[in-house]
Structure formats: structure tokens, C-alpha cells
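Examination of the molecular architecture
Given next are the chains, with one letter for each unit.
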Amino acid sequence: QMKGSILVAAALAAGTAFSAATPADKAAKAARDARLNEIAKALQKVSVDFNNWNNYYYDYYVNGISDEARAKILADNIALQKERIALAPENPGFRSALGDVYHAVGRYPEALAEFDAALANENGLDGWKRASTRFQRAECLYAAGDEEGCRKALEELVALKISTVRRGAFNWSGMAATALKL
């Protein structure tokens with residue numbers, strides 16, 4: 001009887017807390033969520049453009065695009081990623097995604113800062129994204145000349161034993177273990 005009363009009281013308290021959100025709070029959340037959806041759609045288009053020009057084979061077979069177009073695609077991608085982070089700073093996946101962009105164009109110090117920010121809340125990342133973020137962080141350290149930091153980052157990744165087989169047979173932990181043997 002007592003246990004049931006506690007559960008009812010907790011449910012009522014939770015319902016009261018939930019219903020205490022003002023219409024303005026609900027509208028602000030709806031607007032935020034709508035903008036995040038708009039950004040996600042825009043990023044799908046920008047990401048295709050970004051991946052195309054950043055891909056060696058695309059440049060080789062299609063003869064690339066102008067430097068001005070590349071700069072605009074990159075600027076649009078970064079602006080959208082930053083807006084997404086500003087709207088949902090609690091989401092480490094958004095920081096990691098911005099790190100991916102910087103990493104892809106060789107802006108390693110900026111990528112490293114984003115990867116570190118994402119990993120500060122790495123429990124919010126799924127195993128595959130956590131592992132890829134850690135691996136790319138190691139690559140940034142290597143590019144910056146910090147071979148010891150790179151080795152340590154790879155060792156930490158291997159020690160986590162994250163199951164990362166997704167998107168085919170891509171295994172970040174396995175790649176890290178192989179890199180450590182080189």
C-alpha cells in the first residue's frame with residue numbers, strides 16, 4: 001500500500017512539473033526543434049556538396065569546382081554546424097560533426113578543439129561516433145606533430161573496447177590497434 005502511494009505521488013509530481021511548462025516555453029522548444037530540423041535538411045545538401053569536392057575521385061573525374069564555390073560550401077557547412085551547436089550545446093554529436101568538417105579540410109587545431117569538446121560529454125555519443133571521434137582526434141594530434149599524444153589517444157581507444165562495427169565492417173578500434181603496431 002505504501003509503495004503504491006509513493007509511486008502515485010511521484011507520478012503526480014512528475015505530471016505537475018511537466019505541465020508547469022508555460023506556453024512560451026513550449027513555443028520556444030518547438031521553434032528550436034523546427035530550426036534544428038531545418039538545419040539537418042540544409043546539412044544534408046551541404047554535406048553532399050562538401051563530400052563531393054573534398055573527394056579526390058570527384059576532383060579527378062569531374063575536374064573539380066572553383067575555389068570560390070569550395071569556400072562557400074565550406075563556410076555554409078561550418079555556419080550551419082555552429083548554429084546547430086548554439087541551439088543544442090548539450091549534444092556532443094554536433095561538436096564531433098563540426099570537428100569532422102575541420103578535420104576533412106586539414107584545420108587540425110580547430111578539429112581537435114571540437115573533438116575534445118565532444119569527448120567531454122562522450123556518453124552522449126553512440127559507440128561508433130565515440131570511437132571515430134577518438135580516432136580522428138588521434139589523427140589531429142599526429143598532424144600537429146604530437147606523436148606521443150597520438151599514440152596515447154590510440155591506446156585509450158583500444159582500451160575502451162568499443163564495439164564499432166557499423167556502416168559495413170568499419171572498426172575504429174581495430175584501426176587504432178593496427179596503427180599502434182606500425
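Residues numbered from 1 in each chain as written. Predicted model: local features only at pLDDT ≥ 70, side-chain atom pairs only at ≥ 80, totals over all residues. Heavy atoms only, no water.

1. So, helix 6 (residues 108-119)
- Helix length check: helix 6 (12 residues) gives 16 Å between terminal C-alpha atoms against 16 Å at 1.5 Å per residue, within 8%.
- For helix 6, every residue scored as buried is listed here: A111, L112, E114, F115, A118 and L119. Buried residues of helix 6 fall within an arc of 165° about the axis and therefore sit on the same side.
- Tucked inside the fold, the buried residues of helix 6 contact helix 4 (67-87), helix 5 (92-104) and helix 7 (127-143). (Helix = DSSP H or I, 4+ residues; strand = E, 2+ residues; numbered from the N terminus. Expected span 1.5 Å × (residues − 1). Buried < 20%, exposed > 50% of the residue type's maximum accessible area, 1.4 Å probe, protein only. Arc of directions from axis to C-beta. Contact = heavy atoms within 4.5 Å.)

2. Points about helix 4
- In this model helix 4 runs 30 Å from its N-terminal to its C-terminal C-alpha over 21 residues, within 8% of the 30 Å that 1.5 Å per residue would give.
- Taken residue by residue, helix 4 has I73, L74, N77, I78, L80, Q81, R84 and I85 as its buried positions. For helix 4, the arc enclosing every buried residue in end-on projection is 160°, short of the 170-degree limit, so these residues lie on one face. Every exposed residue of helix 4 that faces more than 90 degrees away from the buried side is listed here: E68, K72 and A86.

3. Some points on the side chain of R134
- Note that R134 resides in helix 7.
- With residues near it in sequence (within four places) discarded, R134 still touches L119, E122, E156, L157 and L160.

4. Re a negative patch on the surface
- On the surface, D146, E147, E148 and E155 cluster together into a patch of negative charge.
- Looking at the element boundaries, E155 is found in helix 8 (residues 147-160). (Patch = residues over 30% accessible without salt bridge, like charges linked within 9 Å, V, L, I, M, F, W, Y side chains within 5 Å. Areas by Shrake-Rupley, 256 points an atom, 1.4 Å probe, with all protein chains shown as cover. Salt bridge = Lys/Arg side-chain N within 4 Å of Asp/Glu carboxyl O. Lys, Arg positive; Asp, Glu negative; His and termini not counted. Charge placed at Lys NZ, Arg CZ, Asp CG, Glu CD.)

5. Quick word on the packing of helix 4 against helix 5
- Packing of helix 4 against helix 5 brings their axes to within 9 Å, and their N-to-C directions diverge by 165°. Here helix 5 runs roughly antiparallel to helix 4, going by the angle between their axes. Helix 4 and helix 5 meet at a crossing whose hand is left-handed. Only F94, R95, A97, L98, V101 and Y102 of helix 5 make contact with helix 4, whose side of the interface consists of L74, N77, I78, Q81, K82, R84 and I85. (Axes fitted to C-alpha atoms, helices over the stretch in contact; angles between N-to-C directions. Parallel < 35°, antiparallel > 145°, perpendicular 65-115°, else oblique. Left-handed = near helix turned anticlockwise from the far one by under 90°.)

6. Focus: the side chain of H103
- For H103, the location among the structural elements is in helix 5.
- The exposure class assigned to H103 is buried, which follows from its relative accessible area of 15%.
- A polar contact of 3.3 Å, which involves the side chain of H103, links it to the side chain of Q136.
- Aside from chain neighbours lying at most four places away, what touches H103 is Y108, A111, F115, Q136, E139 and C140. (Polar contact = N/O pair within 3.5 Å; in protein donor to acceptor, adjacent residues only side chain to side chain.)

7. A few points about the environment of G99
- As for its position among the elements, G99 is in helix 5.
- For G99, a relative accessible area of 0% gives the class buried.
- Remark: the alpha-carbon pair of G99 and Q136, spanning 37 residues in sequence, is separated by 8.6 Å.
- Not counting the four nearest positions on each side in its chain, G99 is found in contact with A111, E114 and F115.

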